[in-house]
Amino acid sequence: MKEKNIIISLLFLILAFTACEDHLDKQPLGELSPENFYSTAEGAEAGVNAAYSYLRHYDLVGLPFIAGGDIASDDSDPGNKNNKASIEFDEFTFSPSSSLMTNWYSGQYVLIGRANIVINSESEFVFEEDLQKRILAEAKFMRAYGYFNLVKSFGGVPKITELPELDGDFIPRVTPEEIWQLIDEDLEYAITYLPERSEYSPANLGRVTKGAARGLLARAFLFRNDFEKVERYAMEIINSNEYTLFPDYEGIFTYDGENCSESVFEVQATRSESGNKTGTDKYNTVQGSKAKYWDPEQGKFINNQGLGWGINSPSDDLEAAYETGDPRREATIAYVGDTLYDGRTIVVRNSKNHALKYNQKGILPLFYDGSNDKVLGGGGGANNPANVRLIRYADVLLMAAEALNENDKPTDALVYLNMVRERARGDNPDILPNVTTTDKLGLRNAIWHERRVELAMEQHRYWDILRQGRAAELLQALGKNFVEGTHNLLPIPQVDVDATEGVITQNPGY
């Protein structure tokens, strides 16, 4: 009997049931036991809600997510000189024993495990068939999302689609192609059976949709340079007329911008009065600064309100990448002394060991608005009540533009590229003129530039330059220790290599 497989199986089961209980504490599930839990609509939906709940976990949206997407790239610096884990990603000195590697790798498998429990319970379902299909589609989306994060990060990994047998053999890695095939199959199923965003009731706001599945599948094909498929799925989203660009770029990243017209998929987080963890585990805390605010009753500033750890500082290189007058720079980079969108919170430098710039998209203000309605679960806590935007419509438009250009349709590509630029310039005709070139290389570079400034500090940049084949060139120019052929993949956590007695092998160079 293999101890590791026992741990995996029990972990998946325990986490699934405890998460269902935590996530649905406002809606009692009635008389359900482990034997009939998934036979009812309530039980099956609770199971898939457990996967949604885990999206808020530190392993998926905390420092592992931020370090891999931003700090490893040319967009960001660690910010906090005392945080070894983020410095390892910035300098590419991480190893198979680095803690963030284990968080990121194991976190995906917990998400996959929760999805697998629902998927493998299909034979127990005894409720309305359309709802069965929808719940299975949601679970398959979650499994695909977990495997997408794994394959882009580590290459081929163990393919687990069922709960491992308690006395079974260790599961070895499979090829990246096998993982991509599973992702494609899961997302095709999700596209078939998920509703469009407009078909959900308000009570189901935030659940995955056809648009979300198409968006993730377009992104999956983008990582394989299959531009015909990218074009197909991105255009299906565009032609669905389910989404529009939110008119105010800065407003996307406020509380009022959550689940806005541009939202294709985002992690849902809410304010909790009861102490239950319905917020994200440190997405905002990792990136926050110290702050102060004016208290009119006391007639003075209140200082040292901790918003977080001061990690993930926008780099000088990113700052210089914005075109003159681009308002997205100010909406992305918070400087010491800036006032946040509540109109009261003022950014203060954490200490001399911290940078002078912060990710404005990731900082929670102290108040929801100009009143004294103070944010709960913000600051240094592990219960941040702000959503995390994973797929925006602007990203979809830029994927469409990139694919159309690569498919020799530059005129069509310009339409979607310039839609993004038009929104950014707002009512100022003197900035961000339309791109007009139809030269394939020139337009490719313009689209890549637009992705950088439009999606900056949203945890896309490192994966973009990696799939574009530019990581070594760009990062080495900044003095980063990126090694081509090694750092194209992250190392498999050493604990997993050791626990499986070498059945799970290590990536080259580590």
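For every chain, the first residue of the written sequence is number 1, and numbering continues from 1 along that sequence. Predicted model: local features are reported for residues with pLDDT of at least 70 only, side-chain atom pairs are reported and counted for 80 or more only, and whole-chain, interface and lining totals are derived from all residues. Water and hydrogen atoms play no part in the side-chain values, which are based on all heavy atoms of the structure.

A. Structural view of the overall build of the protein chain. The number of helices and strands found in the protein chain is 19 helices and 9 strands. A simple rule labels every residue: compare its accessible area, found with a 1.4 Å probe on the protein chains alone, to the largest value its type can have, and call it buried under 20%, exposed over 50%, or partly exposed in between. The buried share of the protein chain, reckoned over its 510 residues, is 60%. Contact between two residues is taken to exist if any of their heavy atoms lie within 4.5 Å; hydrogens are not considered. In the protein chain, the proportion of contacts linking residues at least 24 apart, taken out of those at least 6 apart, comes to 69%. When charges are counted, Lys and Arg are positive and Asp and Glu negative, with His and the chain ends excluded. By convention, the charge on Lys lies at NZ, on Arg at CZ, on Asp at CG and on Glu at CD. Positive and negative side-chain charges of the protein chain, numbering 50 and 77 respectively, have mean locations separated by a distance of 4 Å. Think of it this way: any DSSP run of H or I at least four residues long counts as a helix, any run of E at least two long counts as a strand, and we number them from the N terminus.

B. Local environment of the pairing of strand E4 (residues 300–306). One bridge is not enough; two strands pair if DSSP finds at least two bridges between them. Two elements, strand E3 (residues 290–295) and E4, share 5 bridges in a ladder whose sense is antiparallel. When the bridges of E4 are listed, Ala-291 appears paired with Gln-305.

C. Structural view of the packing of aromatic side chains. Stacked, edge-to-face and tilted are the three classes for Phe, Tyr and Trp ring pairs, Trp counted by its six-membered ring, which pair at centre distances within 6.5 Å; planes under 30 degrees apart are stacked, over 60 edge-to-face, the rest tilted. What the rule picks out here adds up to 23 aromatic pairs. Centroid distance Phe-148 to Trp-180: 6.1 Å. Interplanar angle 65°. Geometry classified as edge-to-face. Placement of the pair is Phe-148 in helix H7 (residues 129–154) and Trp-180 in helix H8 (residues 176–193), with a sequence separation of 32 residues. The exposure class of Phe-148 is buried, given its relative accessible area of 1%. On the basis of relative accessible area, Trp-180 is assigned to the buried category, the value being 11%. Considering the side-chain rings of Tyr-255 and Tyr-341, the 6.0 Å spacing of their centres and the 70° angle between planes classify their relative orientation as edge-to-face. With Tyr-255 in the loop between helix H10 (227–240) and strand E2 (263–267) and Tyr-341 in the loop between strand E6 (333–335) and strand E7 (346–348), this pair connects stretches of sequence that are 86 residues apart. We classify Tyr-341 as partly exposed; its relative accessible area is 31%. Among the aromatic side chains, those forming a connected cluster through ring pairs are Phe-89, Phe-92, Phe-94, Tyr-462, Trp-463, Phe-482 and Tyr-510. Note that Lys-140 overlies the ring of Tyr-189, its terminal NZ or CZ placed 4.1 Å from the centroid. Above the plane of the ring of Phe-367 lies Arg-344, whose end atom (NZ or CZ) is 4.1 Å from the centre. Only when the NZ atom of a Lys or the CZ atom of an Arg is both within 6 Å of the ring centre and within 35 degrees of the ring normal do we say a charge sits over the ring.

D. Region of interest: the pattern of salt bridges. Each reported salt bridge corresponds to a side-chain nitrogen of Lys or Arg within 4 Å of a carboxyl oxygen of Asp or Glu. This model, assessed by the stated rule, comprises 39 salt bridges. In this structure, Arg-219 and Asp-395 form a salt bridge, with 2.6 Å as the shortest nitrogen-oxygen distance. Highlighted residues: Arg-219 in helix H9 (residues 210–222) and Asp-395 in helix H14 (residues 393–406), separated in sequence by 176 residues. Among the residues examined, Arg-219 registers a relative accessible area of 10% and is labelled buried. The partner of Glu-450 in a salt bridge is Arg-421, and the shortest N-O contact between them spans 2.8 Å. Of the two residues, Glu-450 is situated in helix H16 (residues 440–454) and Arg-421 in helix H15 (residues 410–425); the sequence distance between them amounts to 29 residues. Each member of the pair, Glu-450 as well as Arg-421, is classed as buried.

E. Structural context of the packing of H9 against H14. Note on geometry: axes are C-alpha line fits, over the in-contact stretch for helices, and angles between N-to-C directions span 0 to 180 degrees. Axis separation between H9 and H14 bottoms out at 11 Å; the angle between their running directions is 40°. Between H9 and H14, the angle falls in the class oblique. Here the hand of the crossing between H9 and H14 comes out left-handed. For the pair formed by H9 and H14, the contact residues are Gly-215, Ala-218, Arg-219 and Leu-222 on the first element and Asp-395, Met-399 and Glu-402 on the second. Basically, the charged four are Asp, Glu, Lys and Arg, the nonpolar ten are Ala, Val, Leu, Ile, Met, Phe, Trp, Tyr, Cys and Pro, and anything else, Gly included, counts as polar. In terms of residue class, the contact of H9 with H14 is made up of 3 nonpolar, 1 polar and 3 charged. In these notes the angle categories are as follows: under 35 degrees is roughly parallel, over 145 is roughly antiparallel, 65 to 115 is roughly perpendicular, and the rest is oblique. The crossing is said to be left-handed when, going from far helix to near helix, the turn is anticlockwise and less than a right angle, and right-handed when the turn is clockwise.

F. Local environment of the sheet that holds E4. Judged by pairing direction, the sheet is antiparallel, and its 3 strands sit side by side in the order E4-E3-E7 without closing on themselves. Sheet topology places E4 and E7 at the edges, where each strand pairs with a single neighbour. The average angle at which neighbouring strand axes cross in this sheet is 35°, direction not considered. In terms of strand pairing, E3 meets E7 through 3 bridges, oriented antiparallel. Across the sheet, Lys-292 pairs through a bridge with Ile-346, a residue of E7.

G. The pairing of E2, seen in detail. In terms of burial, E2 is largely enclosed, as 5 of its 5 residues are buried. In this structure, E2 lies alongside strand E9 (residues 388–392), joined through 4 bridges in antiparallel fashion. The partner of Glu-266 across the bridge, within E9, is Arg-389.

H. View of H7. Multiply 1.5 Å by the residue count of a helix minus one, and that product is the helix's expected span. In this model, H7 (26 residues) spans 37 Å end to end at C-alpha, consistent with the 38 Å of a helix rising 1.5 Å per residue. With respect to burial, H7 is a largely interior element, 23 of its 26 residues being buried. Counted as a polar contact is a pair of N or O atoms within 3.5 Å, where, for protein atoms, one must be capable of donating a hydrogen and the other of accepting one, and residues adjacent in sequence contribute only when both atoms are in side chains. Its side-chain oxygen placed 3.0 Å from the backbone nitrogen of Asp-130, Glu-128 serves as the N-cap of H7.

I. View of the packing of H8 against H9. Across the interface, H8 lies against H9 with an axial gap of 8 Å and an inter-helix angle of 155°. Put simply, H8 runs roughly antiparallel to H9. Our pair here, H8 against H9, has a crossing hand that is left-handed. The segment H8 lies against H9, with Trp-180, Ile-183, Asp-184, Leu-187, Glu-188, Ala-190, Ile-191, Thr-192 and Tyr-193 engaging Lys-210, Ala-213, Arg-214, Leu-216, Leu-217, Ala-220 and Phe-221. For the contact of H8 with H9, a count of residues per class yields 11 nonpolar, 1 polar and 4 charged.

J. The arrangement of a negative patch on the surface in detail. A surface patch of negative charge is lined by Glu-162, Glu-165, Asp-167 and Asp-169. For Glu-162, the location among the structural elements is in the loop between H7 and H8. Distance thresholds for patches are 9 Å for like charges and 5 Å for nonpolar side chains (Val, Leu, Ile, Met, Phe, Trp, Tyr), applied to residues having over 30% relative accessible area and no salt bridge. For the area figures, the Shrake-Rupley method with a 1.4 Å probe applies, and any residue is considered shielded solely by the protein chains shown.

K. Spatial organisation of the nonpolar core. Residues enter a nonpolar core if they are buried and are Ala, Val, Leu, Ile, Met, Phe, Trp, Tyr or Cys, with the set joined through side-chain atoms within 4.5 Å. If you look at the biggest cluster of nonpolar residues, it comprises 121 residues, and the most contacted ones within it are Phe-141, Tyr-147 and Ile-183. For this core, the leading source of residues is H7, giving 13 residues. Among the nonpolar cores identified, the runner-up in size contains 11 residues, and Ala-334, Leu-340, Ile-363 and Leu-366 belong to it.

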